[in-house]
Amino acid sequence: MLRLLAVTVALAGCGPEFRDDEALNQLNPLGGTPGPRPAPMQPASGAASTATVELGRLLFFDPILSGERDIACATCHHPTLAWADGRALSVGTGGVGLGRARTPNGHVTTRNSMTVLNTALNGVTARDLGPDPALAPMFWDNRVRSLGQQAAQPILAADEMRGTRFTEDTIFPEVEARLRATPEYVTRFAEAFGAAGISRDGITRALAAFERTLVEQGSSFDRGALTPAQRRGQAAFGEHGCPACHGGPMFSDYALHRLGVSGLATGVRAPSLRLVAKTAPYMHDGSLPTLEAVLQFYGRVDRRLDPALRGVRGFSPQEAADVVAFLEALSDGSVEATAPQQVPSGLTIGGR
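Described below are features of the structure shown in this document. Just so we're clear, the structure is a prediction, and the values are computed from it rather than from any experiment.

Quick look at the overall build of the chain
Right, on to step 1. Within the chain, the secondary structure is distributed over 11 helices and 4 strands.
Right, on to step 2. Taking all 352 residues of the chain together, 55% fall into the buried category.
Right, on to step 3. Taking the contacts inside the chain whose residues are at least 6 apart along the sequence as the reference set, 67% of them involve residues at least 24 apart.
Right, on to step 4. For the chain, the exposed surface amounts to about 14600 Å²; the carbon and sulfur share of it is 53%.

Written out as structure tokens, the structure reads:
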């Protein structure tokens, strides 16, 4: 049975100011000084209430949202795995276990599970501190916009949480009925949304409100506390063309790029490199197991595939080691990683 460990780390909040503007400008293909990383963006209605965030937290860990009541959002976005799952391709409904030990039962997705950490900052670039939260790009292919839209998709997907007993049209009515039959959820939805009560909109808004709290802070890079190897890696990162896709405060342009990796003919989004050292394996199909393998891939990539690849160069072994050290400096910040001790449905926290 999947058991979530309650690991408490410093509560996330607004990221600290960058300390090394000159170095950041070298990483910034858009020009200008990025300045402080902004706080997580909130919808036009304003910051979510504590009641809404806590409701979203419980829903995130509760299998009640899945068709077979056997998988939760936290199954593929686990706090002890940097809010990802450590697998090449995620295992959906019917699976048993956690992370690399999870055993599939026919429902294996076609994508690597992206961490939900810093998702509230999707779209933040050096020139533009971020789109309207309703326009923030989500998933490897940017196919939906906003955290609320993102939150609905795994529940609707047959190979993720929905399963085959329900359709896209019937899964949310089923979930809403289950929640209305759970007294604690009735109370919590009333506290969060008043007379609106339990609805699909409330479910996704609560999940999005919780995800907005999952922002790391205090990395060695942000504190200006780089070792000599990390500084060499930072320089090599810039000199070898990496900022063409991975520039700005979040180390991503959030655009789609063609890389010649399997699966997405339209290209894949350049993911943020913050916390990247904690979220192996890499690429949208999980085909590269280590950061070293990623750097080797970019040394041999077909530079004709995408304009952003034209300035990318391969790394010597020493340069590669230094770049990995630099990426580790982007990955050692503090994050919120506390799981609830129980969920209102009484089901196993995080799924089977």
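A closer look at the nonpolar core
Right, on to step 1. Core analysis: the biggest nonpolar cluster contains 40 residues, and Leu-59 and Leu-65 have the highest contact counts within it.
Right, on to step 2. Those elements that provide at least two residues to this core are α2 (50-61), α3 (73-76), α4 (147-156), α6 (171-180), α7 (183-193) and α8 (200-211).
Right, on to step 3. Setting aside residues up to four positions removed in sequence, Leu-59 forms contacts with Leu-65, Leu-179, Tyr-185, Phe-189, Ile-203, Ala-206 and Leu-207.
Right, on to step 4. In this structure, Ala-236, Phe-251, Leu-291 and Val-294 belong to the second largest nonpolar core, which totals 32 residues.

Let's talk about the environment of Arg-232
Right, on to step 1. Structurally, Arg-232 can be placed in helix α9 (residues 228-239).
Right, on to step 2. The spacing of Arg-232 and Val-323 is 91 residues in sequence and 7.4 Å in space, taken between C-alpha atoms.
Right, on to step 3. Not counting chain neighbours up to four residues away, the residues in contact with Arg-232 comprise Gln-318 and Asp-322.

Remarks on the packing of α2 against α8
The axes of two packed helices give the description: the angle between them and the distance between them.
Right, on to step 1. Two numbers describe how α2 lies on α8: the axes approach to 7 Å, and their chain directions differ by 100 degrees. By the angle class used here, α2 and α8 are roughly perpendicular. Across the interface between the two elements, Thr-52, Val-53, Leu-55, Gly-56, Arg-57, Leu-59, Phe-60 and Phe-61 of α2 pack against Ile-203, Arg-205, Ala-206, Leu-207, Ala-209, Phe-210 and Glu-211 of α8.
Right, on to step 2. Across the contact of α2 with α8, the residue classes break down as 10 nonpolar, 2 polar and 3 charged.

Conventions adopted
Residues numbered from 1 in each chain as written. Predicted model: local features only at pLDDT ≥ 70, side-chain atom pairs only at ≥ 80, totals over all residues. Heavy atoms only, no water. Helix = DSSP H or I, 4+ residues; strand = E, 2+ residues; numbered from the N terminus. Buried < 20%, exposed > 50% of the residue type's maximum accessible area, 1.4 Å probe, protein only. Contact = heavy atoms within 4.5 Å. Areas by Shrake-Rupley, 256 points an atom, 1.4 Å probe, with all protein chains shown as cover. Core = buried A, V, L, I, M, F, W, Y, C linked by side-chain atoms within 4.5 Å. Axes fitted to C-alpha atoms, helices over the stretch in contact; angles between N-to-C directions. Parallel < 35°, antiparallel > 145°, perpendicular 65-115°, else oblique. Nonpolar A, V, L, I, M, F, W, Y, C, P; charged D, E, K, R; others polar.

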